[in-house]
Amino acid sequence: MADAVRTGRPPGGFYPWLEQRPRLSAAFHTLQGGLASWLAEEVVELAGPLEGATGLLDLGGGHGLYSEAFCRAHPRLTATVVDLPGALEDGTTHERVTRHAADLAKEGIDGEYDVVLLFNVLHGFPEEEARGLLARAAGAVRQGGRLLVLETVLEPTDEHRGGQAEAAFTAGFSLSLWHTQGGAVRPARTIEDWLGEAGCVALARHELSRSATHTLFIATPAGREALR
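Bear in mind the structure is a predicted one, so any value in this text is a computation, not a measurement. (Residues numbered from 1 in each chain as written. Predicted model: local features only at pLDDT ≥ 70, side-chain atom pairs only at ≥ 80, totals over all residues. Heavy atoms only, no water.)

**Student:** Would you mind showing me how to read the pattern of salt bridges here?
**Tutor:** Applying the stated criterion to the full structure yields nine salt bridges. A salt bridge links Arg72 to Glu68; the nearest nitrogen and oxygen atoms lie 2.9 Å apart. Residue Arg72 and its partner Glu68 are located together in helix 4 (residues 65-73), separated by four residues, close to a single helical turn. For Glu68, a relative accessible area of 15% translates into the label buried. Two residues, Arg142 and Asp114, come together in a salt bridge whose shortest N-O distance is 2.0 Å. Taken together, the residues Arg142 in strand 5 (residues 141-152) and Asp114 in strand 4 (residues 113-119) connect sequence positions 28 residues apart. If you follow the salt bridges from partner to partner, you end up with Glu127, Glu128, Arg131 and Glu197 in one network. (Salt bridge = Lys/Arg side-chain N within 4 Å of Asp/Glu carboxyl O. Helix = DSSP H or I, 4+ residues; strand = E, 2+ residues; numbered from the N terminus. Buried < 20%, exposed > 50% of the residue type's maximum accessible area, 1.4 Å probe, protein only.)

**Student:** Sorry, what's going on with the packing of aromatic side chains here?
**Tutor:** The geometry of an aromatic ring pair is captured by two quantities: the separation of the ring centres and the angle between the planes. In total, this model carries six aromatic pairs according to the counting rule given. With centroids separated by 6.3 Å and ring planes inclined at 25°, the aromatic side chains of Phe14 and Trp17 adopt a geometry described as stacked. Pair noted here: Phe14 and Trp17 are both in helix 2 (residues 14-19), with a separation of three residues, about one helical turn. For Phe14, a relative accessible area of 17% translates into the label buried. By relative accessible area, Trp17 is classed as partly exposed at 38%. Summarising the aromatic geometry, the rings of Tyr66 and Phe119 are spaced 4.9 Å apart at their centres and angled 90° between planes, so their arrangement reads as edge-to-face. With Tyr66 in helix 4 and Phe119 in strand 4, this residue pair connects regions lying 53 residues apart in the sequence. Residue class for Tyr66 comes out buried when judged on its relative accessible area of 4%. A connected cluster of aromatic rings, assembled from ring pairs, spans Phe14, Tyr15, Trp17 and Phe28. Taking NZ or CZ as reference, Arg210 lies 4.4 Å from the ring centre of Trp38, over its face. (Phe/Tyr/Trp six-rings, centres within 6.5 Å; stacked < 30°, edge-to-face > 60°. Lys NZ or Arg CZ within 6 Å of the ring centre and 35° of its normal.)

**Student:** What am I meant to see in the environment of Ala2 here?
**Tutor:** Residue placement: Ala2 occurs in helix 1 (residues 2-7). Residue classification places Ala2 among the partly exposed residues on the basis of a relative accessible area of 47%. Distance in space between the C-alpha atoms of Ala2 and His179 is 9.6 Å, their sequence separation being 177 residues.

**Student:** Even after reading the chapter, I still don't get the sheet that holds strand 4, so can you show me in this structure?
**Tutor:** Sheet strands pair by backbone hydrogen bonding; their relative direction is either parallel or antiparallel. Pairing is mixed in the open sheet, where seven strands are placed in the order 3-2-1-4-5-7-6. Whereas interior strands pair on both sides, the edge strands pair on one side only; in this sheet they are strand 3 (97-101) and strand 6 (200-207). Each adjacent strand pair in this sheet contributes to an overall mean axis angle of 20°, direction not counted. Where strand 1 (residues 55-59) and strand 2 (residues 78-83) come together, five bridges link them in parallel fashion. Directly across from Leu59, in strand 2, lies its bridge partner Val82. Its contacts with the sheet place helix 4 against strand 1, strand 2, strand 3, strand 4 and strand 5, and it is angled at close to 145° to strand 4. Seen against the sheet, helix 8 (residues 188-197) touches strand 5, strand 6 and strand 7 (214-221) and runs at an angle of roughly 15° to strand 7. (Pairing = 2+ DSSP bridges. Axes fitted to C-alpha atoms, helices over the stretch in contact; angles between N-to-C directions. Contact = heavy atoms within 4.5 Å.)

**Student:** How should I be thinking about the packing of helix 6 (residues 127-139) against helix 8 in this particular structure?
**Tutor:** Each pair of packed helices can be described by the angle between their axes along with the distance between the axes. Across the interface, helix 6 lies against helix 8 with an axial gap of 9 Å and an inter-helix angle of 55°. In terms of orientation, helix 6 lies oblique with respect to helix 8. Crossing of helix 6 against helix 8: the hand is right-handed. Here Glu127, Ala130, Arg131 and Leu134 of helix 6 come into contact with helix 8, specifically with Ile191, Trp194, Leu195 and Glu197. In terms of residue class, the contact of helix 6 with helix 8 is built from five nonpolar, no polar and three charged. (Parallel < 35°, antiparallel > 145°, perpendicular 65-115°, else oblique. Left-handed = near helix turned anticlockwise from the far one by under 90°. Nonpolar A, V, L, I, M, F, W, Y, C, P; charged D, E, K, R; others polar.)

Honestly, that's just the spatial picture; any functional story needs more than this.
Set out below in structure tokens:
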């Protein structure tokens, strides 16, 4: 990291590095699954009733626990989780959740869905790639559907959301993201601006009570009536 900071050239390659180390990879995905298990109930509640929704696409969803939580809350819903093969290996086996191996950075997104999840994904990409991925995710939302984006967000002025520990964690996390993936923790306003560029109207923004560093953005393609 010291070399990367001095030269301004992060090495990147976190996920290929991780997949070559099965024990570390298993620990990493266990960590991600634990976070999802803790946040999923609140996220599903904040997302609203989603009446009439039958198809959900979970981009970079790995373990699939968010998809499983949505399916449990909405009996008519079926979900497709898209992620790298290693991330899907020990994912949910819920009967209405299908797993599809793909690299979001390289492959397109096919079809239209009532609900599209992009949870804890954007911070792992450089700016232009993140904006492009968000635009492709928005393009997969059918008329009347919803795009849900969950991201680590902690503004310097959001003192009510957390203390010094949360601020220090977020700063360190952002540096680690830049070093290993070329990504970053971005301000909430940046995410909202990207949603607008992707042709979306922001419907709501919720700061999670179970995590002082997470924010849920709810949006719908412009000119379309959103699910109730």
